[in-house]
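Listed here are the chains, written in short residue letters.
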Amino acid sequence: MDVKEKVVKEDNHSPLLSVEDLKITIQQDDYELNAVDGVDFQLKKGKTLGLVGESGCGKSLTSRSIMQLNPKVCETTGKILYKSKKDKSLNNIDILSLKSTGKKIRNIRGKRVSMIFQEPMTALSPLYTIGNQIMENILIHRTKNKKKAKEIALDMLRKVGISNEEKRFNQYPHEFSGGMRQRVMIAMALACNPELLIADEPTTALDVTIQAQVMELMKELQKEFEMAILLVTHDLGVIAEMCDEVAVMYLGKIVEKAPVKEIFNNPKHPYTIGLIKSMPRLGGNKNQRLTSIEGTVPLAINMRNKCGFYDRCIHRIEGLCDAQSVPNYQVSSDHETRCFLYKPETKEDHDG
Ligand SMILES: Nc1ncnc2c1ncn2[C@@H]1O[C@H](COP(=O)(O)OP(=O)(O)OP(=O)(O)O)[C@@H](O)[C@H]1O
Ligand code: SF4
Ligand SMILES: [Mg+2]
């Protein structure tokens, strides 16, 4: 095999996105919040990774840092390596090292990587028509020709299931229902045919039927465009439906990561087990009792030398879990967890 052929082959298998030791610290008057604390994950072309966890565990900060969109109070370290499959100038670029107003980040943001935000109204301007807002990105990144840009925008509106698109194109966000605004956001996010879609709670504000439609739509468009999706949610049902791999986040850390089937069939971390037990099951006994995880997520302050889940964990080991930071343990080749129960020596005691 000559060298050229080898490079092409490696490129197809290498991840599109590698997040390495991402830390986001927020300095408050009297304390330092370690809101994201050493997050690592990878995402390949065409695949979906779910980032799941309770409110406040750092999902949005993690995902927004990929677009350099976090507020200035956030001090961010680590690496976010982006390897475009379409643009050779974006080959293993560390997004965090880019100038926030430079050409490269503008080329990544909105063109190669798009985001659907947790709250559609924060991303849509009330002052401009839907059509203008979808076209803006197309005119920056795809074509300077207004007529073509409008055709693309109308086509996207049709694709996301908005009928009467010519009329809708000239309407303002307040003339759309919550579900329709979410569809508009998806149309905006996909109008430039991105390689990576970051979807932060894309369906939380929607009723169940619309939620299912939007998920189905995202899957269809993913197939068509071969894009990767980073799906942020606190809903394990959505994860089961959509993802190839799952990263469970707790207090700024990924505490368990595995393929989706493995997470549901063989969860290891006590927090993941608690989340799954608190999930309602389709077809389950109507008298089934859902358990919830006792306690609430504490603030991520001074948690580096103990397990963040310690106070809520029924398996905690005094003198170990509250005395050291917890490393990642490999459960199998594609399954890892951050829990001392899976430290080889502890595991033997625990099993036997
Ligand atoms: N601008 C900010 N100033 C201060 N603290 C912040 C700021 N943004 C986020 N935080 C804090 O950082 C932590 C992580 O926030 P983040 O928004 O990433 O959580 P999340 O997992 O997305 O939660 P949710 O499920 O509620 O959206 C939280 O404790 C949050 O209060
Ligand atoms: S490390 Fe200890 S406290 Fe943390 S989840 Fe595992 S057993 Fe529980
Ligand atoms: Mg969030």
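Quick caveat, the model's predicted, so the values are computed rather than measured.

> Whenever I open this one, the pattern of salt bridges confuses me. Can you help?
Oppositely charged side chains may form a pair once their charged atoms are brought near each other. In this structure the tally under the stated criterion is eleven salt bridges. Residue Asp 21 is joined to Lys 23 by a salt bridge in which the shortest nitrogen-to-oxygen separation is 3.7 Å. Owing to a relative accessible area of 38%, Asp 21 belongs among the partly exposed residues under this scheme. Residue classification places Lys 23 among the partly exposed positions, given a relative accessible area of 26%. In this structure, Glu 241 and Lys 219 form a salt bridge, with 3.2 Å as the shortest nitrogen-oxygen distance. Of this pair, Glu 241 sits in helix H10 (residues 236-242) while Lys 219 sits in helix H9 (residues 208-225); the two residues are 22 residues apart in sequence, bridging distant segments of the chain. Since its relative accessible area comes to 46%, Glu 241 is described here as partly exposed. What you see here is one network of salt bridges that share partners, running through Asp 155, Arg 158, Lys 159, Glu 165 and Glu 224.

> What is the right way to read the site of ligand 2 from this model?
The environment of ligand 2 is made up of His 269, Pro 270, Cys 307, Phe 309, Tyr 310, Cys 313, His 315, Arg 316, Cys 321, Cys 339, Phe 340 and Leu 341. Here ligand 2 occupies the second largest cavity. Classifying every residue of the shell around ligand 2 by side-chain character gives nine nonpolar, two polar and one charged.

> Please clarify how empty space enclosed by the protein should be interpreted in this entry.
A probe matching the size of a water molecule, rolled over the atoms, marks out where space remains unfilled. Considering all chains together, one arrives at two cavities of 30 Å³ or more under this definition. Here the largest cavity defines a volume of roughly 160 Å³. Along its surface, the largest cavity is lined by 16 residues, and Tyr 250, Lys 253, Lys 306, Cys 307 and Gly 308 are the ones closest to its centre. Considered class by class, the residues forming the lining of the largest cavity number eight nonpolar, four polar and four charged.

> Whenever I open this one, the site of ligand 1 confuses me. Can you help?
Ligand 1 sits among 14 residues. The nearest are Ser 55, Gly 56, Lys 59, Ser 60 and Leu 61. Between ligand 1 and Gly 56, the relevant distance is 2.8 Å, taken from an oxygen atom to a main-chain nitrogen or oxygen of the residue. In the model, an oxygen atom of ligand 1 is placed 2.8 Å from a nitrogen or oxygen of the Lys 59 side chain. Contact with the protein chains hides 68% of the accessible area of ligand 1, taken as 640 Å² for the molecule alone. Contributing elements (two or more residues each) for the shell around ligand 1: strand E2 (32-43) and helix H2 (59-65). Here the element with the most residues in the shell around ligand 1 is H2; it accounts for three residues. Of the residues assigned to the shell around ligand 1, the class counts are seven nonpolar, six polar and one charged.

> How do you make sense of helix H6 (residues 146-159) when you look at a structure like this?
Each α-helix turn comprises 3.6 residues. Residues three or four places apart therefore point the same way. A rise of 1.5 Å per residue sets the reference length of H6, with its 14 residues, at 20 Å; its end C-alpha atoms lie 20 Å apart and thus fit the reference within 8%. Contact partners of the buried residues in H6: helix H5 (130-141), helix H7 (165-169) and helix H8 (178-190). Its side-chain oxygen at 2.9 Å from the backbone nitrogen of Lys 147, Asn 145 defines the N-terminal cap of H6. Downstream of H6 by a residue or two, Gly 161 has a phi angle that is positive, lying close to 85°.

> Looking at this structure, I do not really get H8. What am I missing?
With 13 residues, H8 should reach 18 Å at 1.5 Å per residue; the first-to-last C-alpha distance of 18 Å fits that figure. Burial runs high along H8: eleven of the 13 residues are buried. The complete set of buried residues in H8 reads Gly 179, Arg 181, Gln 182, Arg 183, Val 184, Met 185, Ile 186, Ala 187, Met 188, Ala 189 and Leu 190.

> Help me understand the pairing of strand E11 (residues 329-332) in this model?
Looking down a regular strand, the side chains alternate between one sheet face and the other. Pairing between E11 and strand E12 (residues 335-337): three bridges, direction antiparallel. What sits directly across from Ser 332, in E12, is His 335. Connecting E11 to the next strand, E12, in antiparallel fashion are two residues.

> Before we go on, may I ask you to explain the side chain of Gln 222 in this structure?
Checked against the element boundaries, Gln 222 lands in helix H9. Within the local environment of Gln 222, its side chain forms a polar contact with the side chain of Thr 48, the two groups lying 2.9 Å apart. Contact partners of Gln 222, with chain neighbours within four places excluded, come to Gly 46, Lys 47, Thr 48, Met 227, Ala 228 and Ile 229.

> Teacher, can you tell me more about the packing of aromatic side chains here?
Think of a pair of aromatic rings as described by two things: how far the centres are apart, and how the planes are tilted against each other in angle. If you walk through the whole model with that rule in mind, you get four aromatic pairs. A ring pair is formed by Tyr 250 and Phe 309, whose centres lie 5.2 Å apart and whose planes are at 85°; its orientation type is edge-to-face. Within this pair, whereas Tyr 250 is found in strand E9 (residues 245-250), its partner Phe 309 is found in the loop between helix H12 (270-277) and E11, the two being separated by 59 residues in sequence. Judged by its relative accessible area of 3%, Tyr 250 is buried. Between Tyr 271 and Phe 309 the ring centres are 5.4 Å apart and the planes differ by 65°, which places this aromatic pair in the edge-to-face class. Taken together, the positions of Tyr 271 in helix H12 and Phe 309 in the loop between H12 and E11 put the pair 38 residues apart, joining distant regions of the chain. Here Tyr 271 and Phe 309 have matching classes, each one buried. The side chain of Lys 150 reaches across the aromatic face of Phe 169, ending 4.8 Å from its centre. The positively charged end of Arg 316 is found above the aromatic ring belonging to Tyr 310, 5.3 Å away from the centroid.

What counts as what
- Within every chain, residues take consecutive numbers counted from 1 along the sequence as written.
- Here every chain gets a letter starting at A, and every ligand a number starting at 1, in the order they are written.
- Totals for whole chains, interfaces and linings use every residue, but because this is a predicted model, local features are given only for residues with pLDDT of at least 70 and side-chain atom pairs only at 80 or more, for both listing and counting.
- Side-chain measures were taken over the full set of non-hydrogen atoms in the model, leaving aside hydrogen atoms and water.
- The term salt bridge refers to a pairing of a side-chain nitrogen on Lys or Arg with a carboxyl oxygen on Asp or Glu at a separation within 4 Å.
- Whether a residue is buried, partly exposed or exposed follows from its accessible area with a 1.4 Å probe, protein chains only, as a fraction of its type maximum: under 20%, in between, or over 50%, in that order.
- We count a stretch as a helix when DSSP gives it H or I for four or more residues in a row; a strand needs E for two or more, and each element gets its number in order from the N terminus.
- A cutoff of 4 Å decides nearness: a residue is near a molecule or strand if any of its heavy atoms lies inside that distance of it.
- The distinction between a cavity and a pocket rests on a 1 Å grid over the protein atoms alone: a 1.4 Å probe fits inside a cavity but cannot get out, while a pocket stays open yet meets protein on both sides within 12 Å along at least five of seven lines, and a residue with an atom within 4 Å of a point counts as lining.
- To decide whether a molecule occupies a pocket or cavity, check its atoms: if more than half lie within 2 Å of the grid points, it is inside.
- Any residue that is not Ala, Val, Leu, Ile, Met, Phe, Trp, Tyr, Cys, Pro, Asp, Glu, Lys or Arg is counted as polar, Gly included; the first ten are nonpolar and the last four charged.
- Grid points are joined across faces, edges and corners, and a volume is the space filled by probe spheres set on the points.
- Counted as a polar contact is a pair of N or O atoms within 3.5 Å, where, for protein atoms, one must be capable of donating a hydrogen and the other of accepting one, and residues adjacent in sequence contribute only when both atoms are in side chains.
- Surface exposure here means Shrake-Rupley accessible area, sampled with a 1.4 Å probe, where a residue is shielded only by the protein chains that are shown.
- The length a helix should cover is 1.5 Å for every residue beyond the first.
- Working rule for contacts: check all heavy atoms of both residues, and any pair within 4.5 Å makes them a contact.
- The pairing criterion for strands is at least two bridges between them, as found by DSSP.
- Here a Phe, Tyr or Trp ring, Trp counted by its six-membered ring, pairs with any other such ring whose centre lies within 6.5 Å, and the pair is stacked when the planes are under 30 degrees apart, edge-to-face when over 60, and tilted otherwise.
- The criterion is that NZ of a Lys, or CZ of an Arg, lies within 6 Å of the ring centre and within 35 degrees of the ring normal, and then a charge sits over that ring.

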